[in-house]
Amino acid sequence: MNIGKRLRFIRESKKITIYRLSKETGVSQNHISGIELGKRQPTIDMLIRLTEPLGITLAELFNESDDAFFLSEKEKELIVNYRCLPDEKASMLLGLSKLLR
């Protein structure tokens, strides 16, 4: 697995620039770029610093599945709420979401 390419893919899919990630993590743009290009090997601590602003876990970073996608905070909240509902209400919520789509 090329962790730099994976990090870049996730960052770009979330429309986060290297500049913004740098500002949010305190890690220089050059260092982030070096990791993404495979010129630098990040430590686990560095990866944790970089994944937090991206809203993902290390497990998600290392997941190579093509089926993987990353949920926004609103999407996560919707899933949590759905799971708390009894079956009948969960079905109603699903039906409503289909109508709104």
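To start, this report covers the structure provided alongside it.

Conventions and cut-offs
- Residues numbered from 1 in each chain as written.
- Predicted model: local features only at pLDDT ≥ 70, side-chain atom pairs only at ≥ 80, totals over all residues.
- Heavy atoms only, no water.
- Helix = DSSP H or I, 4+ residues; strand = E, 2+ residues; numbered from the N terminus.
- Rg over C-alpha atoms; globule rule 2.2 N^0.38 Å.
- Buried < 20%, exposed > 50% of the residue type's maximum accessible area, 1.4 Å probe, protein only.
- Contact = heavy atoms within 4.5 Å.
- Areas by Shrake-Rupley, 256 points an atom, 1.4 Å probe, with all protein chains shown as cover.
- Lys, Arg positive; Asp, Glu negative; His and termini not counted.
- Charge placed at Lys NZ, Arg CZ, Asp CG, Glu CD.
- Salt bridge = Lys/Arg side-chain N within 4 Å of Asp/Glu carboxyl O.

## Focus on the overall build of the protein
Helix and strand counts for the protein stand at seven helices and zero strands. Along the protein, helices (α) and strands (β) appear in the sequence α-α-α-α-α-α-α when read from the amino end. Computed over C-alpha atoms, the radius of gyration of the protein comes to 17 Å, more than 25% over the 13 Å expected from 2.2 N^0.38 for 101 residues, which places it beyond the range of a compact globule. Considered along the principal axes of its C-alpha atoms, the protein spans approximately 55 × 25 × 25 Å. Counting the 101 residues in the protein, one finds 26% classified as buried. Long-range contacts, defined as pairs at least 24 residues apart, comprise 52% of the intrachain contacts of the protein with a sequence gap of at least 6. Per element, the accessible surface of the protein, about 7,500 Å² overall, is 54% carbon and sulfur. Computing the positive centroid from 17 side-chain charges and the negative centroid from 14, the protein places the two 7 Å apart.

## Here's the deal with the pattern of salt bridges
Inspection of every chain in the model, using the stated rule, returns five salt bridges. Where arginine 8 meets glutamate 12, a salt bridge forms, and the shortest distance between an N and an O atom there is 3.1 Å. Within this pair, arginine 8 and its partner glutamate 12 are both found in helix α1 (residues 3-13), separated by four residues, close to a single helical turn. Given the relative accessible area of 35%, arginine 8 is considered partly exposed. Residues glutamate 36 and arginine 11 are paired through a salt bridge, measuring 2.7 Å at the closest nitrogen-oxygen approach.

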